[in-house]
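Topology and contacts: notes
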Amino acid sequence: MRGRAALTAVLLTLTACTTGPSLEDRGQVTAPPGDSRHLTIGSAGFTESDLLAQMYAQLLNRAGYRTSVLTVANRELYEPALESGQIDVVPEYAATFADWLAAKTHGADAPPAGSPDLGATMKALRALAAPRGLTVLPAGRAVDQNAFAVSADYAREHRLKTLSDLGASGLKVRLAAGDECVQRPYCAPGLEKVYGIDVTGVDPKGVGTTQAKRAVQDGRDQMVLTTTTDATLDQFGLVLLADDKHLQNADYVVPVVNRSRAGGTGVAKALGRLDDVLTTADLARLNEQVDSWRRLPADVARGYLTDKGLLK
């Protein structure tokens, strides 16, 4: 822990001094893609980010790179470090990162850059990332986006598989979520507008928290806001309803790299081996192994990559 704190302190100092291309130069990033042989992989400090960072590191090691993993649990810190080359690779989420860069570039009132359309989201994200010296590699199959779950008994009783089914049922729904759900377009307003779901109220118990899931399990609420890679739904007898009209943004997992240090074909090829393999369901199972089984992210990542034939 002391070593990690020291690394973070160094990173804070470095990012305070160097934050990538100057504003004058950001419109013309002309440096060729680099291929440094010693790469630092950034993790945002939560289970899934730790797992992805470990998978990236192990795939890059197999490809002949030397890697280290650095945890910086704050995008406000690790994104400038990525621009400056103190971090070389991070796992990100396409729509969320696009919106964050749009706000950083154009101000807090900037219109969203992410959308439910993956192609449009990636185009917007790459346009925002390139002037900062960042390259966004292709998205894979795994997506970690907002999702809604009901109890399995409730779904069976009312024959629900999708959010459209719930809207068509005419059932009144009390939703366990964060208090911001009342106003966020992807949450209560979107459920009402896109799906016609009768949301009678929001129970402010947080996003995917134990308290929120128990409220649905016990029947006090009918639905909970969580994520598509939530590994604990089975423990509470909950099932996801499919977002069949694509209310949620395209938060597919994407590697983002510092172009001047890790923008070459070697890194893209090594990390691209994960694209056709890792699924949303896989991520949920891997999260469970860390959160519920108390296994180390590095061990879980190694076991998965070995099982899939990506490591020897």
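Everything discussed here concerns the structure shown above.
Anyway, here's the lowdown on the structure attached to this text. Keep in mind it's a predicted model, so treat the numbers as computed, not measured.

Moving on, we get to helix H13 (residues 297-307). Listed as buried for H13 are Pro297, Val300, Ala301, Tyr304 and Leu305. Take H13 and look down its axis: the buried residues cluster within an arc of 125 degrees, on one side only. Buried residues in H13 make contact with helix H2 (47-62) and helix H12 (280-291). Among the residues trailing H13, glycine 309 stands out with phi positive, at a value near 75 degrees.

Core analysis: the biggest nonpolar cluster contains 33 residues, and Met55, Leu274 and Leu278 have the highest contact counts within it. Mapped by element, the contributors of at least two residues to this core are strand S1 (38-43), H2, strand S3 (89-93), strand S10 (253-258), helix H11 (265-272), H12 and H13. The element best represented in this core is H2, accounting for 8 residues. Look past the residues within four positions of leucine 278 in its chain and what remains in contact with it is Leu52, Met55, Arg141, Ala142, Leu283, Leu286 and Tyr304. Judged by nonpolar contacts, the second largest core, of 23 residues, contains Ala81, Leu101, Leu125 and Val254.

Attention shifts here to the sheet that holds strand S6 (residues 172-177). The 5 strands are arranged S7-S6-S8-S5-S9 in an open sheet whose pairing can be described as mixed. A strand with exactly one partner marks an edge of an open sheet, and here the two such strands are strand S7 (198-204) and strand S9 (238-241). Within this sheet the neighbouring strands show an average axis-to-axis angle of 40 degrees, counted without direction. Taken together, the 6 bridges between S6 and S7 define a ladder with parallel strand orientation. By the bridge assignment for S7, leucine 175 is matched with valine 202. Across the sheet, helix H8 (residues 188-195) touches strand S5 (146-151), S6, S7 and strand S8 (223-227), and the angle it forms with S7 is around 165 degrees.

Now for unusual backbone geometry. The backbone of arginine 159 sits at a positive phi, close to 55 degrees, despite the residue not being glycine. A positive phi angle is found at histidine 246, which is not glycine, with a value near 55 degrees. Relative to the helices and strands, histidine 246 resides in the loop between S9 and S10.

Attention now moves to the environment of arginine 126. Along the chain, the position of arginine 126 falls in helix H5 (residues 118-129). Residues arginine 126 and valine 72, spaced 54 residues apart in sequence, show a C-alpha to C-alpha distance of 23 Å. With residues near it in sequence (within four places) discarded, arginine 126 still touches Val136, Leu137 and Pro138.

Analysis parameters
- Residues numbered from 1 in each chain as written.
- Predicted model: local features only at pLDDT ≥ 70, side-chain atom pairs only at ≥ 80, totals over all residues.
- Heavy atoms only, no water.
- Buried < 20%, exposed > 50% of the residue type's maximum accessible area, 1.4 Å probe, protein only.
- Helix = DSSP H or I, 4+ residues; strand = E, 2+ residues; numbered from the N terminus.
- Arc of directions from axis to C-beta.
- Contact = heavy atoms within 4.5 Å.
- Core = buried A, V, L, I, M, F, W, Y, C linked by side-chain atoms within 4.5 Å.
- Pairing = 2+ DSSP bridges.
- Axes fitted to C-alpha atoms, helices over the stretch in contact; angles between N-to-C directions.

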